[in-house]
2 protein chains.
Amino acid sequence: MITTRKTNKRQLILEEAAKLFKQKGFSGTSMRDLAGEVGIEAASMYNHIKSKDEILELICFRVSSTYISQLAEIEATAAPYVEKIKSLIRLHIRLMIEDGAAVSVGNHDWKYLREPALTEFKQARKQYEKGFAALIEQGIAAGEFQPVNVSVALFTILSAVRWVELWYRPGRELSAEELEDNIITMLLTGLEKK
Amino acid sequence: MITTRKTNKRQLILEEAAKLFKQKGFSGTSMRDLAGEVGIEAASMYNHIKSKDEILELICFRVSSTYISQLAEIEATAAPYVEKIKSLIRLHIRLMIEDGAAVSVGNHDWKYLREPALTEFKQARKQYEKGFAALIEQGIAAGEFQPVNVSVALFTILSAVRWVELWYRPGRELSAEELEDNIITMLLTGLEKK
DNA sequence: AATTATAGCAAACGAATGTTTGTTAGTTTG
DNA sequence: CAAACTAACAAACATTCGTTTGCTATAATT
């Protein structure tokens with residue numbers, strides 16, 4: 001036990017913060033709310049974190065860097081573009097299920113980031129979207145995908161995967177894997193019977 | 001000009017409020033912010049509205065009742081289920097483009113509604129989702145749709161249409177109608193080429 | 001013309017905000 | 001054992017919050 005003491009409490013604060021931010025939004029969550037959830041006084045939290053803004057930054061950038069590094073892994077594999085896109089969809093769903101609160105913060109509360117973090121985060125997101133879009137574009141060029149507008153395809157996929165956060169509860173009708181399969185079917189082959 | 005005076009300013013407040021709520025969230029928007037946008041002092045707004053909460057309620061319920069009445073219209077038409085779903089997708093996209101700020105509030109800030117408005121709003125939304133889901137279910141039964149999980153299909157469609165709010169700017173690459181066509185293609189026939 | 005209603009303002013209200021300070025135990029390090 | 005560090009607290013900070021009050025000028029109604 002070398003650094004577990006400080007690190008643990010800090011981690012706990014970040015976890016509870018993500019939950020509260022998801023539930024009540026960044027502005028709607030007070031440091032006293034958060035402290036109550038952590039089990040200490042608001043003032044005591046400043047022994048572990050610099051500011052409320054820092055909490056938001058830590059959550060957002062952990063999420064964005066997770067996405068970016070996972071995208072890089074998928075890009076590096078030698079697989080058909082269909083499979084790469086499927087992997088990305090599965091990644092999004094899995095992260096949403098495993099780390100839903102943080103992902104939700106990265107989806108909604110990032111707008112409360114202060115400069116320069118705000119610009120940095122936007123750039124990271126744009127970088128991710130560019131990489132994702134490139135895979136779609138190449139998949140179209142390779143004849144694996146329909147010649148649909150790339151931005152439309154990209155954002156439809158990214159959004160279609162977000163509702164999991166609002167809807168999915170473990171032990172509900174569908175398992176995580178069934179959920180992934182259903183969403184992938186929906187996005188890749190469409191609703192209509194042909 | 002009988003009641004235009006009061007109604008106009010009240011309407012202006014609601015419009016500016018929707019814009020600000022979308023931009024900075026309900027909690028992140030102060031009455032002084034809003035007043036500044038309207039061009040009067042915060043105190044003066046209370047000549048037109050009862051409270052900040054009332055503003056939120058008015059915006060949310062105007063949106064929800066719009067969706068519900070439009071759904072009823074579409075349900076009443078005699079058309080294949082494919083066409084009904086297409087109409088609903090077009091409705092969502094069009095409302096998002098024409099009244100994006102309010103729709104955004106109805107999508108995100110409704111959670112700041114106070115009881116009993118909160119419960120009432122949730123019920124209205126659930127009612128809408130039930131009606132939408134029924135159309136998908138009947139479409140599957142009629143053999144028009146793939147036998148996909150209905151909830152997955154419903155929420156994929158509802159979410160896939162939300163990103164328009166974040167992305168679409170009039171006079172961008174795609175016209176509104178092209179946008180609708182592309183999203184419908186994506187959702188009904190899927191990304192994959194077969 | 002007299003009266004009433006409307007719509008604005010400045011000032012103030014108590015409550016809540018994020019954060020700082022001073023202090024105090026308990027723990028780790030020299 | 002002494003010194004330094006950690007992590008907690010209560011109290012207070014200035015600021016901002018939504019809202020109320022008291023008042024004034026203008027507009028509408030009688």
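Predicted model, so just to flag it, every value in this text is computed and none were measured.

### Some words on the overall build of chain A
At step 1: Within chain A, the secondary structure is distributed over ten helices and zero strands.
At step 2: Sequence-ordered secondary structure for chain A, helices as α and strands as β, is α-α-α-α-α-α-α-α-α-α.
At step 3: Projected onto the principal axes, the alpha-carbon positions of chain A cover approximately 60 × 40 × 35 Å.
At step 4: Residues counted as buried form 49% of the 194 residues belonging to chain A.

### So, the protein's contact with DNA strand C
At step 1: Taken together, the neighbourhood of DNA strand C is formed by 18 residues, with Tyr46(A), Lys9(B), Glu41(B), Asn47(B) and His48(B) sitting nearest.
At step 2: Here the atoms of DNA strand C within 4 Å of the protein split so that 55% fall in sugar or phosphate, with bases taking the remainder.
At step 3: One of the backbone nitrogen or oxygen atoms of Met31(A) is found 2.8 Å away from a phosphate oxygen of DNA strand C.
At step 4: At 2.4 Å from a phosphate oxygen of DNA strand C is found a side-chain nitrogen or oxygen belonging to His48(B).
At step 5: When contributions to the surface near DNA strand C are tallied by element, the ones reaching two or more residues are helix H2 (31-38) of chain A together with helix H1 (4-24) and helix H3 (42-45) of chain B.
At step 6: Per element, the largest residue contribution to the surface near DNA strand C is three residues, and it comes from H1(B).
At step 7: Taken together, the residues of the surface near DNA strand C break down into five nonpolar, six polar and seven charged.

### Digging into the interface of chain A and chain B
One widely used convention gives an interface's size as the accessible area the parts lose upon coming together.
At step 1: If you look at the interface, chain A gives 43 residues, while chain B gives 43 residues.
At step 2: Contact between chain A and chain B buries roughly 3,800 Å² in total, counting both sides, with carbon and sulfur atoms accounting for 62%.
At step 3: For the interface between chain A and chain B, the tally reads zero salt bridges.
At step 4: Between the two partners, chain A and chain B, sit 20 residue pairs in polar contact (both at pLDDT 80 or more).
At step 5: Where the side of chain A that touches chain B is concerned, the elements lending two or more residues are helix H1 (4-24), helix H8 (150-160), helix H9 (164-167) and helix H10 (176-189) of chain A.
At step 6: Taken together, the residues of the side of chain A that touches chain B break down into 19 nonpolar, 15 polar and nine charged.

### A look at the side chain of His92(B)
All names here are of chain B.
At step 1: Relative to the helices and strands, His92 resides in helix H5 (residues 81-98).
At step 2: Since its relative accessible area comes to 8%, His92 is described here as buried.
At step 3: Those residues in contact with His92 that lie beyond four places of it in its chain are Tyr67, Tyr128, Phe132, Leu158 and Val161.

### A word on the UniProt feature "DNA-binding region" (unreviewed entry) in chain A
At step 1: As annotated by UniProt and renumbered to match this structure, "DNA-binding region" (unreviewed entry) occupies residues 30-49 of chain A.
At step 2: The straight-line gap between the two end C-alpha atoms of residues 30-49 of chain A is 15 Å; of that span, 60% is helix and 0% is strand.

### Considerations on the protein's contact with DNA strand D
At step 1: Around DNA strand D, a shell composed of 20 residues is seen, among which Lys9(A), Glu41(A), Asn47(A), His48(A) and Tyr46(B) lie nearest.
At step 2: Atoms of DNA strand D within 4 Å of the protein: sugar and phosphate make up 56%, bases the balance.
At step 3: The separation between a phosphate oxygen of DNA strand D and a polar main-chain atom of Glu41(A) is 2.6 Å.
At step 4: In the model, a phosphate oxygen of DNA strand D is placed 2.7 Å from a nitrogen or oxygen of the Met31(B) main chain.
At step 5: Listing elements by their share of the surface near DNA strand D, those giving two or more residues are H1 and helix H3 (42-45) of chain A together with helix H2 (31-38) and H3 of chain B.

### A few points about the nonpolar core
At step 1: Of all hydrophobic cores here, the largest spans 138 residues; its most connected members are Ile55(A), Leu179(A), Ile183(A), Ile55(B), Leu179(B) and Ile183(B).
At step 2: When sequence neighbours within four positions are dropped, the list of residues in contact with Leu179(A) reads Ile93(A), Ile97(A), Trp163(A), Val164(A), Trp167(A), Tyr168(A), Leu174(A) and Val152(B).

### A few points about the environment of Ile89(A)
All names here are of chain A.
At step 1: The topology assignment puts Ile89 in helix H5 (residues 81-98).
At step 2: Assessed through its relative accessible area of 1%, Ile89 is described here as buried.
At step 3: Measuring from C-alpha to C-alpha, the distance between Ile89 and Ile40 comes to 39 Å, with 49 residues separating the pair along the chain.
At step 4: With sequence-adjacent residues up to four places away left out, Ile89 is seen in contact with Ile157, Val161, Ile183, Ile184 and Leu187.

What counts and what doesn't
Residues numbered from 1 in each chain as written. Chains lettered and ligands numbered in written order. Predicted model: local features only at pLDDT ≥ 70, side-chain atom pairs only at ≥ 80, totals over all residues. Heavy atoms only, no water. Helix = DSSP H or I, 4+ residues; strand = E, 2+ residues; numbered from the N terminus. Buried < 20%, exposed > 50% of the residue type's maximum accessible area, 1.4 Å probe, protein only. Near = heavy atom within 4 Å. Polar contact = N/O pair within 3.5 Å; in protein donor to acceptor, adjacent residues only side chain to side chain. Nonpolar A, V, L, I, M, F, W, Y, C, P; charged D, E, K, R; others polar. Contact = heavy atoms within 4.5 Å. Buried area = accessible area lost by both parts, 1.4 Å probe. Salt bridge = Lys/Arg side-chain N within 4 Å of Asp/Glu carboxyl O. UniProt positions renumbered as here; feature names shortened; annotations may be inferred. Core = buried A, V, L, I, M, F, W, Y, C linked by side-chain atoms within 4.5 Å.

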